[in-house]
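Analysis of the macromolecular model
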Amino acid sequence: MDAERTPKLVGTVWGLLVLNTLGSTGAETVVPLPRSLIQMVTMGALVAAFSLALALNLRLRVRASAFLFLLTLLLVPSVIASADLQSGFGALFRCARLALFVGTLWLLSRWWDGGPTFVRHHIRMYFLVLCTVAAGALVSPGAAMPDLYGGRLVGALWPLTPPQIGQYAAVIIGLAVLLVLGGRTDRRSAALVIVPSLVLLMLTHTRTATLGLLVGLTLAIGSLTLTSAAARRFFSWAVLCAAVAAVVFASALQAWFLRGQSEENFSNLTGRAKVWDALLAAPRTLGEQVFGMGLGDKSFDGLPIDNSWLAVYHEQGLIGIALVAAVFVALGGVALLRPPSLARACAIFLISYCALASYTEAGLGDASPYLLHLAVAASLLAQPAAAAPLPVPDPPRRRVPRWARTSEVT
């Protein structure tokens, strides 16, 4: 495949995919938005993304990708389990959404070349989302930090929950830090992203996103320490500052981390463990164990599952779990085999963040921000397309005079 410049409209497609995965449920907004209207906007964004990606890639040129191949296979148990309509017609609608989502990623894979292009699109789009969150907090602080969520930051202009905001902030903070260490952006531009995003992350009191950021950055920067002096300096200073903060602000950090919860509530992960136990204890047929119950809203008995692996087991069965696990094995294996580089570090950060967050957040089995994070990792791990060799002109033919063209005399 010829090396080529990524069209600017690819960023628009990526933004539409981000809009589609924002969801339609969350806190009450300043201006009430009907859920049907939000769903129309998000689904319209996905259809527009697929159509625009198809227009940019009319020849259907794609890059071979184990990640996308496994996501395509994930459609099989999803459709099989949803076909009996046990979960209603909404299950088939979600299957169609997942198919369009994966199809759009296939079309965009043409421009996956191991460069930071999609990292920049990812940071820009989620930073715009965070700007709407900040604007909502300025317009209506009461609606942005309601008592219903314990005073945690929510989306007041678009319905976003604290875990969503924390996830977006943590991911772009980590990627921006790595771009600075890799010399792909200047410190001033990175600070304009990192500082406000860090403030929003703290206001959400999201433990999963905070731990994912710290663990992901530790692994990513650790992968650069052997080849980057800047990474070694940053890692040393970060460890020193973390040690000092742990001693000086121990009580404040503990209070922030517990969020006023009792030890019992904290130990069962804010009630998640009870839902998980009930889900695993529910009777299932062999078919439901293998293929699942069909794509749903990631809930069980009306309560959120909040665990990607159990949500996949519930909706796509053991086959779905095997395919999602294979995604992490494929991406993680490729990342470990690559030589140290900025692209590898960014991929390690995204993979490790998604793996850690999968314990308390759902989304790995359906169109979600987590699949977009992993898609960026896959684009970073793709081999650069080799440029086509330039055509070599034929050597000029030497002209032979007519008198010299004599036949051999025998």
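Our structure is the block above this text.
For the structure given in this document, a descriptive report is provided here. Given the structure is predicted, the values throughout are model-derived calculations rather than measurements.

Taking 1.5 Å of rise per residue, the 23 residues of helix α5 (residues 117–139) would be expected to cover 33 Å, and the 33 Å separating its terminal C-alpha atoms lies within 8% of that figure. All buried positions along α5 are accounted for by Phe118, Val119, His121, His122, Ile123, Met125, Tyr126, Val129, Leu130, Val133 and Gly136. Here the buried face of α5 lies against α1 (9–20), α4 (89–108), α6 (141–144), α7 (162–181), α8 (187–204) and α17 (369–381).

It is at 10 Å that the axes of helix α3 (residues 66–82) and α4 come closest, and there the two elements cross at 170 degrees. By the angle between their axes, α3 is roughly antiparallel relative to α4. Here Leu68, Phe69, Leu71, Thr72, Leu75, Ser78, Val79 and Ser82 of α3 come into contact with α4, specifically with Ala91, Leu92, Cys95, Leu98, Ala99, Val102, Leu105 and Trp106. A class-by-class count of the residues in the contact of α3 with α4 yields 13 nonpolar, three polar and no charged.

Right, let's get into the pattern of salt bridges. For the structure on display, the rule yields two salt bridges. Close ionic contact of Lys298 with Glu315 constitutes a salt bridge, the shortest N to O distance being 3.1 Å. Note that Lys298 is positioned in the loop between α14 (286–291) and β1 (299–300) and Glu315 in helix α15 (residues 308–337), a separation of 17 residues in sequence. Across the pair, exposure class does not vary: Lys298 and Glu315 are buried alike. Put simply, Asp366 and Lys298 hold a salt bridge, and the shortest N to O gap is 3.1 Å. You can see Asp366 sitting in the loop between α16 (342–357) and α17 and its partner Lys298 sitting in the loop between α14 and β1, a full 68 residues away along the chain. Classification of Lys298 by relative accessible area gives buried; the value is 17%. Each of Lys298, Glu315 and Asp366 takes part in a single network of salt bridges with overlapping partners.

All right, on to the packing of aromatic side chains then. Applying the stated criterion across every chain, the model contains six aromatic pairs. Relative to Phe118, the ring of Trp14 lies with its centre 5.3 Å away and its plane at 70 degrees, an arrangement referred to as edge-to-face. Here Trp14, found in helix α1, pairs with Phe118, found in helix α5; they are 104 residues apart in sequence, far enough to count as distant. Summarising the burial analysis for this pair, Trp14 and Phe118 share the class buried. Geometrically, the ring pair formed by Trp276 and Tyr359 is edge-to-face, given 5.3 Å between the ring centres and 70 degrees between the ring planes.

So, about the side chain of Thr206. Relative to the elements of secondary structure, Thr206 occurs in the loop between α8 and α9 (207–222). At 3.2 Å, the side chain of Thr206 and the backbone oxygen of Pro162 are in polar contact.

Turning next to the environment of Trp309. Assignment of secondary structure puts Trp309 in helix α15. The spatial distance from the C-alpha of Trp309 to the C-alpha of Ala362 is 7.6 Å, given a sequence separation of 53 residues. Dropping the residues within four chain positions of it, Trp309 is found in contact with Ile321, Val324, Ala325, Phe328 and Ser358. Within the local environment of Trp309, its side chain forms a polar contact with the side chain of Ser358, the two groups lying 2.9 Å apart.

Between its terminal C-alpha atoms α7 stretches 29 Å, which fits the 28 Å expected from 20 residues at 1.5 Å a residue. With 18 of its 20 residues buried, α7 lies for the most part within the structure. Immediately downstream of α7, the backbone of Gly183 shows phi near 70 degrees, a positive value.

Turning next to unusual backbone geometry. With phi around 55 degrees, His205 is a residue other than glycine that occupies positive phi space. Along the polypeptide, His205 turns up in the loop between α8 and α9. The partly exposed category is assigned to His205, whose relative accessible area is 25%. A positive phi is found at Asp306, a non-glycine position, where the angle reads about 55 degrees. Tracing the sequence through the fold places Asp306 in the loop between β2 (303–304) and α15.

The next point concerns the packing of helix α13 (residues 272–281) against α15. Remark: α13 packs on α15, axes separated minimally by 11 Å, with the N-to-C direction vectors making an angle of 30 degrees. One finds that α13 runs roughly parallel with respect to α15. Considering only the axes of α13 and α15, their crossing is left-handed. Counted together, Trp276, Leu279 and Leu280 of α13 and Leu310, Tyr313 and His314 of α15 form the full contact between these two elements. Here the contact of α13 with α15 is built from residues that sort into five nonpolar, one polar and no charged.

It is worth spelling out the nonpolar core at this point. Judged by nonpolar contacts, the single largest core of 99 residues is most densely connected at Trp14, Phe67, Leu108 and Leu374. A per-element tally of this core places α7 first, with 13 residues. Here Leu108 is in contact with Val10, Val13, Trp14, Leu17, Ala53 and Phe118, once residues within four sequence places are set aside. Counting eight residues, the second-largest nonpolar core is a separate cluster that includes Val275, Phe300, Leu310 and Ala311.

Cut-offs used in this document
Residues numbered from 1 in each chain as written. Predicted model: local features only at pLDDT ≥ 70, side-chain atom pairs only at ≥ 80, totals over all residues. Heavy atoms only, no water. Helix = DSSP H or I, 4+ residues; strand = E, 2+ residues; numbered from the N terminus. Expected span 1.5 Å × (residues − 1). Buried < 20%, exposed > 50% of the residue type's maximum accessible area, 1.4 Å probe, protein only. Contact = heavy atoms within 4.5 Å. Axes fitted to C-alpha atoms, helices over the stretch in contact; angles between N-to-C directions. Parallel < 35°, antiparallel > 145°, perpendicular 65-115°, else oblique. Nonpolar A, V, L, I, M, F, W, Y, C, P; charged D, E, K, R; others polar. Salt bridge = Lys/Arg side-chain N within 4 Å of Asp/Glu carboxyl O. Phe/Tyr/Trp six-rings, centres within 6.5 Å; stacked < 30°, edge-to-face > 60°. Polar contact = N/O pair within 3.5 Å; in protein donor to acceptor, adjacent residues only side chain to side chain. Left-handed = near helix turned anticlockwise from the far one by under 90°. Core = buried A, V, L, I, M, F, W, Y, C linked by side-chain atoms within 4.5 Å.

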